[in-house]
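Structural overview for review
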Amino acid sequence: MKVLVINSGSSSLKYQLYDMTDESVLAKGLVERIGMDSSILTHKPTGKETVTEVSEILEHNTAIRKVLDKLTDKVSGVLESIDEIQAVGHRVVHGGEYFKASSLVDAQAKEEIRKLIDLAPLHNPAAMMGINAAEANMPGVPQVVVFDTAFHQTMPEKAYLYPIPRVLYNKYKVRRYGAHGTSHYYVSQKAAEFLGKPIESLKIITCHIGNGASLTAVEGGVSVDTSMGMTPLEGLMMGTRSGDLDPAIVPYVMNKEDLTINEVNSMLNKHSGLLAISGISSDMREITDGRANGDPNATLAFDMYEYRLRKYIGSYAAAMNGVDVIVFTAGIGENSLYVREAVCENLTYLGVELDKTLNAVRSDDPRRISTENSKVEVLVVPTNEELVIARDTYRLVTEQQ
Ligand code: ADP
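Scope of this entry: the structure provided in the associated data block. On a predicted model such as this, the values are computed, not experimentally measured, just so you know.

Each value, and the rule that gives it
- Residues numbered from 1 in each chain as written.
- Predicted model: local features only at pLDDT ≥ 70, side-chain atom pairs only at ≥ 80, totals over all residues.
- Heavy atoms only, no water.
- Near = heavy atom within 4 Å.
- Polar contact = N/O pair within 3.5 Å; in protein donor to acceptor, adjacent residues only side chain to side chain.
- Areas by Shrake-Rupley, 256 points an atom, 1.4 Å probe, with all protein chains shown as cover.
- Helix = DSSP H or I, 4+ residues; strand = E, 2+ residues; numbered from the N terminus.
- Nonpolar A, V, L, I, M, F, W, Y, C, P; charged D, E, K, R; others polar.
- Axes fitted to C-alpha atoms, helices over the stretch in contact; angles between N-to-C directions.
- Parallel < 35°, antiparallel > 145°, perpendicular 65-115°, else oblique.
- Left-handed = near helix turned anticlockwise from the far one by under 90°.
- Contact = heavy atoms within 4.5 Å.
- Pairing = 2+ DSSP bridges.
- Buried < 20%, exposed > 50% of the residue type's maximum accessible area, 1.4 Å probe, protein only.
- Arc of directions from axis to C-beta.

With respect to spatial proximity, the complete set of residues near the ligand consists of Gly210, Asn211, Gly212, Asp283, Met284, Arg285, Ala330, Gly331, Ile332, Asn335, Ser336 and Arg362. Between the ligand and Asp283, the relevant distance is 3.2 Å, taken from an oxygen atom to a side-chain nitrogen or oxygen of the residue. Within the side chain of Arg285, one N or O atom sits 3.5 Å away from a nitrogen atom of the ligand. The fraction of the free accessible surface of the ligand (580 Å²) that becomes covered by protein chains is 69%. Sorting elements by how many residues they give to the shell around the ligand places helix α12 (residues 330-335) first, with four residues. Partitioned by chemical class, the residues of the shell around the ligand number three nonpolar, six polar and three charged.

In structure tokens, the structure reads:
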């Protein structure tokens, strides 16, 4: 079965086409600047030359049509006909409390995703555009939705409720939902597989640190706590997001600076984090370069980032009364040996011992970076959210047939 995986943003659409007989990627690509002038389609067929095309793509419907054209193109295509695509899997950011697992798309699923727009005003409308566009271009092809929040639905009440009036949960479902669930799930499973141990026996802390960043405490294979909250703003310091702060700062600053709700939201989501402290960039590569060159602001940004990350690891070790495995993943987790080193050097109280030589090795495979004597296994596991979406899509569609 060939499965097309779609990750639809408000002005972008990423795709990967899988052949599920061997889980190989036949092609992948990205449409950027949808709805703006000069939209860019980058198509990467496996084993063939990458194609880049600039044109006007005003909405997601056209974006998918162009992608399907590329997938069946005589030169850059990998399919004879679009009929070969037998299922489509969509990434959806927010599944609320309704979606505890991936689901086939039907009228009710669409209605539930629509209802959640209130909780994910930027992300869920984009996912809906992707679903509708795929339906329009591939009528009759079954579609599946895979949620960033679903893996965290196992959190106990004590972890997902906020200590604020209960009526806000009852009326508006104000609670912790978390994010990056597909990634936390994938890397925790991979870690257990790599170690050759049953996941049921392990206490794992997964650190998904990319532009957005979150930590999850995975006990016995399920998420018991995660650092992102009702929205992806809570938790770790990130590229441009503040992460945790005293909530009283918000009304205080709004009052002093005469800010609107939109302005303060934008400040905390887009103008905070590494960018705000370094004054240079939200990109960890530029922060570590600045630190190496003795830039004091870049050094402070790096130190704050590492310090906050390490405090969260400590708090999740406390939440689970121990930790067997720490996993680093996503852009920074997979690539920044400096962040991993700084964090691990300060976790000796947990029995963490980093092997600096292993930490400097680059690889696309899961690998251990702790010493043989380390009481906690520290691993780097490249994430693969698209593969989880393809697998769930394949499973649900096959079960239904
Ligand atoms: P997203 O959250 O957008 O999916 P990624 O997981 O791709 O992001 O992570 C992107 C971030 O990874 C970049 O902002 C950059 O800070 C970091 N990154 C990528 N490569 C490196 C590297 N070699 N060293 C340090 N940081 C890196």
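Now that the structure has been shown, the text picks up again.
Glancing now at the packing of helix α2 (residues 107-115) against helix α3 (residues 124-137). It is at 9 Å that the axes of α2 and α3 come closest, and there the two elements cross at 155°. One way to sum up the angle between α2 and α3 is to call them roughly antiparallel. Note that α2 runs across α3; the crossing there is left-handed. Here Lys110, Ile113 and Arg114 of α2 come into contact with α3, specifically with Asn124, Met128, Ile131, Asn132 and Glu135. A class-by-class count of the residues in the contact of α2 with α3 yields three nonpolar, two polar and three charged.

This part covers the sheet that holds strand β11 (residues 222-226). Sheet architecture is open: six strands sit in the order β11-β10-β9-β12-β14-β13, paired in mixed fashion. Pairing within the sheet leaves two strands with one partner each, and these edge strands are β11 and β13 (367-368). With two bridges joining them, β13 and strand β14 (residues 377-380) adopt antiparallel strand pairing. Paired with Arg368 across the bridge in β14 is Leu379. Those strands touched by helix α11 (residues 296-319) are β9 (203-209), β10 (213-219), β11 and β12 (325-329), and its axis lies near 15° from that of β10. Together, β9, β12, β13 and β14 form the strand contacts of helix α13 (residues 337-345), whose direction differs from that of β12 by roughly 160°.

Think of an α-helix as 3.6 residues a turn; residues three or four steps apart then line up on the same face. What α2 keeps buried is the set Ala109, Lys110, Glu112 and Ile113. On an axial view of α2, the arc spanned by its buried residues comes to 160°, and they lie on one face. For α2, the exposed residues set more than 90 degrees away from the buried face come down to Ala107 and Lys115. Looking at the buried residues of α2, the elements they touch are β6 (85-92), β7 (103-104), α3 and β8 (143-147). Looking at where α2 begins, the residue whose side-chain oxygen comes 3.2 Å from the main-chain nitrogen of Gln108 is Asp106.

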